[in-house]
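Here's the letter readout for the chains.
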Amino acid sequence: MASVRFSGVSKIYDNSVLALARFDLEVSDGEFLVLVGPSGCGKSTTLRVLAGLEVPTTGELFIGDRNVTRMKPQERDIAMVFQNYALYPHMSVFDNMAFSLRMRRMESSMINRNVMEAAEILGISPYMDRKPRELSGGQRQRVALGRAIVRHPSVFLFDEPLSNLDAKLRVQMRNELSQLHTKLGSTMIYVTHDQAEAMTLGDRIVVLKDGDIQQTDTPLELYDHPDNSFVAGFIGSPSMNFLEAELKRGTLEAGGFSIDASPFGRIPDGEYLFGIRPEDIQPEAGSPLYGAVEVVETLGNENIIYMRFAGRQFAVRCGPKVQSSPGERFHFRMDLHRSHLFNEDGIRIEKDD
């Protein structure tokens, strides 16, 4: 196990594309850190630079006390699990897991012990003689994990390892990854575009946009206290509702509606972006706030109502007993103490708590 540190790391490709801005990040020994963001934000590039598959344009990388910036991949003591499993199709499960140990010329008895210990942890002991084509997607993913575990690396790197699995299996594998981290206590850095994975797996989450870190924090802090409108809109499903608003003498005017701005304290008049999450909006008969229902998603344990309000689509998360139909008026109230306000640069304004 080891800590990881990025110091001023950037990556600019030959076509002048900036993949990573000056990147400063510390990952604690034994931490499960998740990198999340939209396609092209630089999250996979971050892993590849750390793994030694890409050379940083500037900056330095440290694993523990070692400066690994110019080290070859095999010298860095890391193991990487890829999206497509990258298993050898002609080899058995055992041979796939043992391959890297044989390349190191490890004794056969040690190889057998390491492979079987990893197989036991992952629940794939009965499949050791099978070829990858004879396994399900979840079983192949466990083999790929096992191949990484047997090496006992300082750091595990995961590049969207669950994206090829169906929804139910993805949830199961998320739980297994969490349990695996608890058992091994290893440093793990995980890349995903799926915010649900990020929120459920990470001790901390790094939100990236255009190669730049937007915020690094615990899942709950990211959700409740986003630093800016990008993080606020990216984290959460359905995403946060936004309204362009103008503050005049303590009142936010948005699309013909007035919203009390007192929870935000004394801030200057001007243009702002108002944000509120779907679960912080509740139905209330007779409220002066209402929208026209467009779509209702019935999910069993809850209903998601999408309505047109102040020229924007608003999502409302309701209990299963709240019924509505497209075309109806939906009257509601907002928990303004749970709402957010962002300035013209997209930075969240702190409330006067």
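This part is about the overall build of the chain. Along the chain, the regular secondary structure elements total eight helices and 20 strands. In terms of overall dimensions, the chain has a C-alpha envelope of 75 × 45 × 40 Å along the principal axes. The contacts in the chain between residues at least 6 apart in sequence include a share of 65% that link residues at least 24 apart.

What follows is about the sheet that holds strand β18 (residues 312-318). The antiparallel open sheet is built from five strands, whose spatial order is β15-β19-β16-β17-β18. The open sheet is flanked by β15 (281-283) and β18, the only strands paired with a single partner. Neighbouring strand axes in the sheet, compared pairwise and without regard to direction, differ in orientation by 45° on average. In the sheet, strand β16 (residues 290-298) pairs with strand β19 (residues 329-334) via three bridges, with the strands oriented antiparallel. Each bridged residue has a counterpart across the sheet, and for Y290 the counterpart in β19 is H331.

One pass over the structure, following the stated rule, counts 11 aromatic pairs. Taking 5.2 Å as the distance between ring centres and 65° as the angle between the ring planes, the aromatic pair formed by F309 and F314 counts as edge-to-face. Grouping aromatic residues by their ring pairs yields a cluster made of F257, Y290, F309, F314 and F332. Just above the ring of Y290 sits the side chain of R329; from NZ or CZ to the centre is 4.1 Å.

The final tally for this structure, using the stated rule, is 14 salt bridges. Here R142 makes a salt bridge to E176, at a shortest N to O gap of 2.8 Å. Taken together, the residues span a long stretch of sequence, with R142 in helix α4 (residues 137-149) and E176 in helix α5 (residues 167-184) at a distance of 34 residues. Classification of R142 as buried rests on a relative accessible area of 11%. You can call E176 partly exposed: its relative accessible area is 25%. A salt bridge links R317 to E302; its shortest N-O distance comes to 3.0 Å. Highlighted residues: R317 in strand β18 and E302 in the loop between β16 and β17 (303-309), separated in sequence by 15 residues. A relative accessible area of 21% means that R317 is categorised as partly exposed. Using a relative accessible area of 17% as the deciding quantity, one classes E302 as buried.

To continue, consider the nonpolar core. Core analysis: the largest hydrophobic core is formed by 46 residues, its most contacted members being M97, V115, I124, F158, L177 and Y190. What L177 contacts, discounting residues up to four positions off in sequence, is F32, L145, F158, L162, Y190 and L201. Counting residues in each nonpolar core, the second largest holds 28 residues, with L252, V293, F309 and M334 among its members.

Attention shifts here to helix α3 (residues 108-122). Given a rise of 1.5 Å per residue, 15 residues ought to cover 21 Å, and the 21 Å separating the end C-alpha atoms of α3 matches this to within 8%. Along α3, the positions that sit buried rather than exposed are I111, N114, V115, A118, A119 and L122. Seen along its axis, α3 keeps its buried residues to an arc of 130°; they face one direction. Of the exposed residues in α3, the ones pointing more than 90 degrees away from its buried face are S109 and E120. On its buried face, α3 sits against α2 (93-103), α4 and α5. Remark: G123 follows α3 within two positions and exhibits a positive phi of approximately 70°.

The next subject is the side chain of T45. The residue T45 is located in helix α1 (residues 43-51) in this model. The buried category is assigned to T45, whose relative accessible area is 12%.

Turning to the pairing of strand β14 (residues 270-276), a few remarks are in order. β14 sits mainly inside the fold: five of its seven residues count as buried. Summarising the sheet, strand β11 (residues 241-248) and β14 pair through seven bridges and their orientation is antiparallel. Opposite N241, over in β14, you have I276 as the bridge partner. Bridging between β14 and strand β20 (residues 340-342) involves three bridges; their strand directions are antiparallel. Across the sheet, the residue bridging to L273 is F342, located in β20.

The subject of this paragraph is the environment of P288. Summarising the element assignment, P288 is placed in the loop between β15 and β16. Expressed as a C-alpha distance, the spacing of P288 and F257, which sit 31 residues apart in the sequence, is 8.7 Å.

In this model α5 runs 26 Å from its N-terminal to its C-terminal C-alpha over 18 residues, within 8% of the 26 Å that 1.5 Å per residue would give. Residues L169, M173, R174, L177, L180 and H181 constitute the buried set of α5. Down the axis of α5, the sector holding all buried residues measures 145°, keeping them to one side. Exposed residues on α5 whose side chains face more than 90 degrees from its buried face are K168, T182 and K183.

Conventions adopted
Residues numbered from 1 in each chain as written. Predicted model: local features only at pLDDT ≥ 70, side-chain atom pairs only at ≥ 80, totals over all residues. Heavy atoms only, no water. Helix = DSSP H or I, 4+ residues; strand = E, 2+ residues; numbered from the N terminus. Contact = heavy atoms within 4.5 Å. Pairing = 2+ DSSP bridges. Axes fitted to C-alpha atoms, helices over the stretch in contact; angles between N-to-C directions. Phe/Tyr/Trp six-rings, centres within 6.5 Å; stacked < 30°, edge-to-face > 60°. Lys NZ or Arg CZ within 6 Å of the ring centre and 35° of its normal. Salt bridge = Lys/Arg side-chain N within 4 Å of Asp/Glu carboxyl O. Buried < 20%, exposed > 50% of the residue type's maximum accessible area, 1.4 Å probe, protein only. Core = buried A, V, L, I, M, F, W, Y, C linked by side-chain atoms within 4.5 Å. Expected span 1.5 Å × (residues − 1). Arc of directions from axis to C-beta.

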